[in-house]
Amino acid sequence: MADQTLTNEIKNAVAKRRTFAIISHPDAGKTTLTEKLLLYSGMIQTAGMVRGRKGGKVAVSDWMGMEQERGISITASAMQFPYKNAIINVLDTPGHQDFSEDTYRTLTAADCAIMVIDAAKGVETQTRKLFEVCRLRGIPVMTFMNKMDLPGRDPLELMEEVEQVLGIHSSAINWPVGSGREFVGVVERASQQLILFEKKSVGGAAKAAVEKVPLDSPEAKAHMTDELWEKLRHDMELLEVAGNPYNREEFLKGKVTPVFFASALTNFGVEPFFDAFVDMAPAPGPRPADTPNGEIMIDPVENDFSAYVFKLQANMNPKHRDSTAFMRVCSGRFERDVVVKNVRLNKDLRLSQPHTMLAADRNTLNFAYPGDIVGVINPGVFAIGDTISLKGGFTFKPLPSFQPEIFARVRPKNVEKRKPFDKGVEQMTAEGTVQMLSSWDGLEFFVAAVGRLQFDVLQYRLKAEYGVETVLETLPFQCSAWLVGDPDTFDPPVTVLKTKDRQNRPVILFRTSWDKDYTAKKCPNHQFLDMA
């Protein structure tokens, strides 16, 4: 990249960017935290509560009709906005347990993750699964202990659980003073300041009032009971002696997670957390890619424009039958109407009508930089995982497929609706809403998903977007695996269903996980993969 002015422009843009995903179990407060980031960045004036939606406010980041009805995030949307001196790209990943596949893929586009934990419940299943994907991808994780305004577990106990369950060191950056109704604020450990919060509105619709006082001042003590003061002193001493120190290098390697205590709903501790996030989280860095001669690293500043597609979404605007390909910019500067190479198709393409998103509101885009998420019109030429670059010659690492755990036959109620039905199913398979499997003889097809809600979304969208009502019949299988080895010599000791995925790879469906483990023992010449 010869032009020094352009290089400096990209360098400055990269330094400001923070691209992250928020991971959590359903109802831990992920969408609320996303809303509060918008509130504190000045993008919205009042935050819409996620619950109580009858005629009330709807969260800005949920756009699909079904999400607004149910109050959960189902699709992973991406939003960009300025926060103080940084440019934030937030990937709103679905926390609903059934939505792992889309969530897993979205995590690949993040440089950092914020793990939201409910202080009353601790580490829950979905959080554990998503954390594993972060570990697999080497994504550093910050922890937001939420709902401190409600009765919860002891903070030391929560820290210990994070360490034991997730196998990562935890380092408390701040410490809560009280919990539930007694939650008055947090102590910043580095500055030894007590940050006191005061509610300014019902349901946290407006920013909380903040007052900072030195922890060793009489003023600090006056804000709490003697019992609270003693507990705080005891906890702080214990952390100094036995707690893990925060080390940036260890954090970036994914060895330690900085922990913050707060309440997203009441805005207590939210702004200090966002400020610390901008300070601690990494800017976009180099990414590995494959070439015919081996692996190379693509530098965000030095290399020409490149990106990869991590998500496809159809019909975000019901008035237009359109499909959007979401891509993460990895290097160089993206320009509107640029002609790029799609490496998989070995074809030149013009990226038309690029936009960034704030839920379903599109903003047309002229330029984008590494870390940014760009949505472009997809006339059927992009697939999930595609590498897009100015000159070609390399591909980013393939995105994994995850083993489905629920399977079904699906058909239109009205036979005459077969054409729109086929079109809708084809579109949603391309988007990764469901996986498509065919029987070994190719005469039957099945839909497969990581969780039941994906089937609900399939049926909901077929009806809402394609006008097709469907009948869905689930199959008696609970897990699956990709088969490595000769399928003709595969002789399982239990009843299984042999199928093929869209790439013609053999996928074996098992009735129980016991059947799967038993088959693995009895068929030593074959291997089973949970990810492909």
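Details of the structure are given in the entry above.
Residues numbered from 1 in each chain as written. Predicted model: local features only at pLDDT ≥ 70, side-chain atom pairs only at ≥ 80, totals over all residues. Heavy atoms only, no water.

Peer 1: Quick question: what am I supposed to make of the overall build of the protein here?
Peer 2: In terms of regular secondary structure, the protein is built from 13 helices and 32 strands. By the burial criterion, 55% of the 532 residues in the protein qualify as buried. Carbon and sulfur atoms provide 50% of the accessible area of the protein, an area that totals close to 23200 Å². (Helix = DSSP H or I, 4+ residues; strand = E, 2+ residues; numbered from the N terminus. Buried < 20%, exposed > 50% of the residue type's maximum accessible area, 1.4 Å probe, protein only. Areas by Shrake-Rupley, 256 points an atom, 1.4 Å probe, with all protein chains shown as cover.)

Peer 1: Would you take a moment to explain the packing of aromatic side chains for this structure?
Peer 2: Centre-to-centre distance and the angle between the planes together describe a pair of aromatic rings. Overall, the coordinates contain 15 aromatic pairs when judged by the stated rule. Plain terms: the ring middles of Trp-514 and Tyr-518 are 4.8 Å apart, the flat faces sit at 15° to each other, and that makes the pair stacked. With Trp-514 and Tyr-518 both in helix H13 (residues 513–522) and four residues apart, this pair spans about one turn of that helix. Taking the relative accessible area as the measure of exposure, Trp-514 reaches 54% and is therefore exposed. The rings of Tyr-83, Phe-144, Phe-260, Phe-273 and Phe-274 are connected pair by pair, giving a single aromatic cluster. For Lys-498, the ring lying beneath its charged end belongs to Trp-440, and the centroid distance is 5.0 Å. In this structure, Lys-500 packs its charged tip against the face of Trp-440, placed 4.9 Å from the ring centre. (Phe/Tyr/Trp six-rings, centres within 6.5 Å; stacked < 30°, edge-to-face > 60°. Lys NZ or Arg CZ within 6 Å of the ring centre and 35° of its normal.)

Peer 1: What am I meant to see in the nonpolar core here?
Peer 2: Looking at soluble globular proteins, one finds that nonpolar side chains tend to be buried together. Within the largest apolar cluster, 92 residues are counted, with the highest numbers of intra-cluster contacts made by Phe-20, Leu-33, Ile-88, Ile-114, Phe-144, Leu-194 and Phe-277. When residues in this core are grouped by element, the largest group, seven residues, is from helix H10 (residues 270–280). Ignoring anything within four residues of it in the chain, the contact list for Phe-20 reads Leu-37, Ile-88, Asn-89, Val-90, Leu-91, Ala-110, Cys-112, Ile-114 and Phe-277. With 19 residues, the next largest nonpolar core counts Phe-305, Val-340, Val-376 and Val-381 among its residues. (Core = buried A, V, L, I, M, F, W, Y, C linked by side-chain atoms within 4.5 Å. Contact = heavy atoms within 4.5 Å.)

Peer 1: Can you help me understand the sheet that holds strand S24 (residues 395–396) in this one?
Peer 2: By definition, the strands of a sheet pair up through backbone hydrogen bonds, in either a parallel or an antiparallel sense. Read from one edge to the other, the open sheet built from three strands follows the order S13-S12-S24, with strand pairing classed as antiparallel. Either end of the sheet is taken by a strand with one partner, and the two such strands are strand S13 (294–298) and S24. The sheet contact formed by strand S12 (residues 287–291) and S24 spans two bridges and is antiparallel. Looking across to S24, one finds that Asp-290 is bridged to Thr-395. (Pairing = 2+ DSSP bridges.)

Peer 1: I would appreciate a short explanation of H13 in the present structure.
Peer 2: Think of an α-helix as 3.6 residues a turn; residues three or four steps apart then line up on the same face. Those residues of H13 lying buried are Asp-515, Lys-516 and Thr-519. Each buried residue of H13 sits inside an arc of 100° when the element is viewed along its axis, so together they form one side. Set apart from the buried face of H13 by more than 90 degrees, the exposed residues are Trp-514 and Lys-521. Close packing links the buried residues of H13 with strand S29 (479–484), strand S31 (506–510) and strand S32 (527–529). (Arc of directions from axis to C-beta.)

Peer 1: Help me understand the environment of Ala-481 in this model?
Peer 2: Along the chain, the position of Ala-481 falls in strand S29. Ala-481 sits in the buried class, given a relative accessible area of 0%. Sequence spacing of Ala-481 and Phe-528 is 47 residues, and the spatial spacing of their C-alpha atoms is 5.4 Å. Discounting residues that sit within four places of it in the chain, Ala-481 has contacts with Pro-506, Val-507, Ile-508, Phe-510, Lys-516, Phe-528, Leu-529 and Asp-530.

Peer 1: Which parts of the structure should I look at to understand the pattern of salt bridges?
Peer 2: Any two side chains of opposite charge can pair, so long as their charged atoms come close to each other. This model, assessed by the stated rule, comprises 30 salt bridges. In this structure, Asp-372 engages Arg-17 in a salt bridge whose closest nitrogen and oxygen atoms are separated by 2.7 Å. With Asp-372 in the loop between strand S21 (367–368) and strand S22 (373–377) and Arg-17 in strand S1 (residues 17–24), this pair connects stretches of sequence that are 355 residues apart. Taking relative accessible area as the criterion, Asp-372 reaches 3% and is therefore assigned buried. For Glu-469, the salt bridge identified is with Lys-413, shortest N-O distance 3.5 Å. Of this pair, Glu-469 sits in the loop between helix H12 (452–466) and strand S28 (470–474) while Lys-413 sits in the loop between strand S25 (406–412) and helix H11 (418–431), and the two are 56 residues apart along the sequence. Among the charged side chains, a network of salt bridges with common partners joins Glu-9, Arg-333 and Glu-335. (Salt bridge = Lys/Arg side-chain N within 4 Å of Asp/Glu carboxyl O.)

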